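If you want the building blocks of each chain, they are given just below.
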Amino acid sequence: MPLEGKTIVTTGAASGIGKETAAELKRQGAFVIAVDRQAVEDADDWRETDLADPASIRRLVDGLPTGIDGIANIAGLPPSAPAADVIKVNLRGLQMFTQATIPKLADHASIVNIASSAGNGWPDSVDQIKEFESVGWDEIESFTERHHMDEGGRSYFFSKEALIVWTMQNRWTWIDRGIRMNAVSPGPIDTPILGDFIDTLGPRAQSSINATERVGRPDDIAPVVAFLMSDAAKWFRGANLTPDGGLTSQLLLQRHGLD
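Participant: Just give me the short version of the overall build of the chain, but keep the residues and values in it.
Facilitator: The helix and strand tally for the chain stands at 10 helices and seven strands. Over its C-alpha trace the chain gives a radius of gyration of 17 Å, about what one expects of a compact globule, namely 18 Å for 259 residues. Over its C-alpha atoms, taken along the principal directions, the chain stretches across nearly 45 × 40 × 35 Å. A burial count over the chain gives 55% of its 259 residues as buried. The contacts of the chain with a sequence gap of at least 6 include a subset with a gap of at least 24, amounting to 74%. A total accessible area of about 11,600 Å² is found for the chain, and carbon and sulfur atoms account for 50% of it. Considering the chain, the positive charge centre built from 24 side chains and the negative charge centre built from 36 side chains are found 5 Å apart.

Participant: An account of the sheet that holds strand β2 (residues 31-36) is needed here, citing residue identities and associated values.
Facilitator: Strands sit in the order β3-β2-β1-β4-β5-β6-β7 across an open sheet of seven strands; the sheet is parallel. Strands with a single pairing partner mark the edges of an open sheet, and in this sheet they are β3 (45-48) and β7 (240-241). Set on the sheet, helix α1 (residues 16-27) makes contact with β1 (7-11) and β2; between it and β1 the angle comes to about 170°.

Participant: An account of the packing of aromatic side chains is requested, with residue identities and associated values reported.
Facilitator: Throughout the structure, instances matching the rule amount to four aromatic pairs. Plain terms: the ring middles of phenylalanine 132 and phenylalanine 143 are 5.2 Å apart, the flat faces sit at 55° to each other, and that makes the pair tilted. You can see phenylalanine 132 sitting in helix α4 (residues 126-132) and its partner phenylalanine 143 sitting in helix α5 (residues 140-146), a full 11 residues away along the chain. Measuring from centroid to centroid gives 5.6 Å for phenylalanine 227 and phenylalanine 236, while their planes differ by 85°, and the two rings are edge-to-face. Exposure remark for phenylalanine 227: the relative accessible area of 32% places this residue in the partly exposed category. An aromatic cluster of three or more residues is present, and its members are Phe132, Phe143 and Phe158. Of note, arginine 171 hangs over the ring of tryptophan 172, and the distance from its end group to the ring centre comes to 4.2 Å.

Participant: Would you mind going over the pattern of salt bridges in detail, with residue names and values included?
Facilitator: Opposite charge on two side chains lets them pair, provided their charged atoms get close. As enumerated under the stated definition, the model contains 12 salt bridges in all. Across the salt bridge formed by lysine 6 and aspartate 231, the nearest N and O atoms sit 3.3 Å from each other. Of this pair, lysine 6 sits in the segment before β1 while aspartate 231 sits in the loop between α9 (218-229) and β7, placing them 225 residues apart in sequence. Since its relative accessible area comes to 14%, lysine 6 is described here as buried. The partner of aspartate 44 in a salt bridge is lysine 26, with the nearest N and O atoms 3.8 Å apart. In this pair, aspartate 44 sits in the loop between β2 and β3 while lysine 26 sits in helix α1, placing the two residues 18 residues apart along the sequence.

What counts and how
Residues numbered from 1 in each chain as written. Predicted model: local features only at pLDDT ≥ 70, side-chain atom pairs only at ≥ 80, totals over all residues. Heavy atoms only, no water. Helix = DSSP H or I, 4+ residues; strand = E, 2+ residues; numbered from the N terminus. Rg over C-alpha atoms; globule rule 2.2 N^0.38 Å. Buried < 20%, exposed > 50% of the residue type's maximum accessible area, 1.4 Å probe, protein only. Contact = heavy atoms within 4.5 Å. Areas by Shrake-Rupley, 256 points an atom, 1.4 Å probe, with all protein chains shown as cover. Lys, Arg positive; Asp, Glu negative; His and termini not counted. Charge placed at Lys NZ, Arg CZ, Asp CG, Glu CD. Pairing = 2+ DSSP bridges. Axes fitted to C-alpha atoms, helices over the stretch in contact; angles between N-to-C directions. Phe/Tyr/Trp six-rings, centres within 6.5 Å; stacked < 30°, edge-to-face > 60°. Lys NZ or Arg CZ within 6 Å of the ring centre and 35° of its normal. Salt bridge = Lys/Arg side-chain N within 4 Å of Asp/Glu carboxyl O.

Next up, the structure:
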């Protein structure tokens, strides 16, 4: 099995993409440490954690074993959640957890961040992304207010834009240890929060769904994460894989008038 003997930490493992990914990683032989606020009964180990709380993140990291072979950063909040909470969980908490866990990773470990097709507009948000790099935990609320991130699901879009950029920025950060970081950007996925997206984003969400032949499923995404965890993906660095039914291709063609 491709992941036999590997230990992989999977956040957001109680539902949706995280749950299916944890199951897929186990099917491929990995020992899965599940991280979620809700209990995860079918994982090898479960660590209750709130990624919006720095103290909870520190407790998680302190309790993790050494020699971890992978991190699947999948936990996330939808755009209907308070903007500051979305940024904390989807971006800053993810960053804090990942950076704090680096000393506990094995050499040649793999980090996979679940971004989104919602992050494709990152080139138009470079100034905000640069500004956020110096924003402290206690300043996140004011940052979201200053940029009106409670409007139109902006907090979610920004969190994914910045995550894609952060993934690319760290393509070589730990190259001396062979640790790699990549992203996966799904299109609309049939999870418990899909209805939330449609209600919050309205026509924008519906147009994304209409651009593909069907709504995606968690089992469309989990094997992609598992691939990036495997040794077969050892030369991927800073990549952003897009299992989205062709949505990203359509958006890029539209942006440049080639559709």
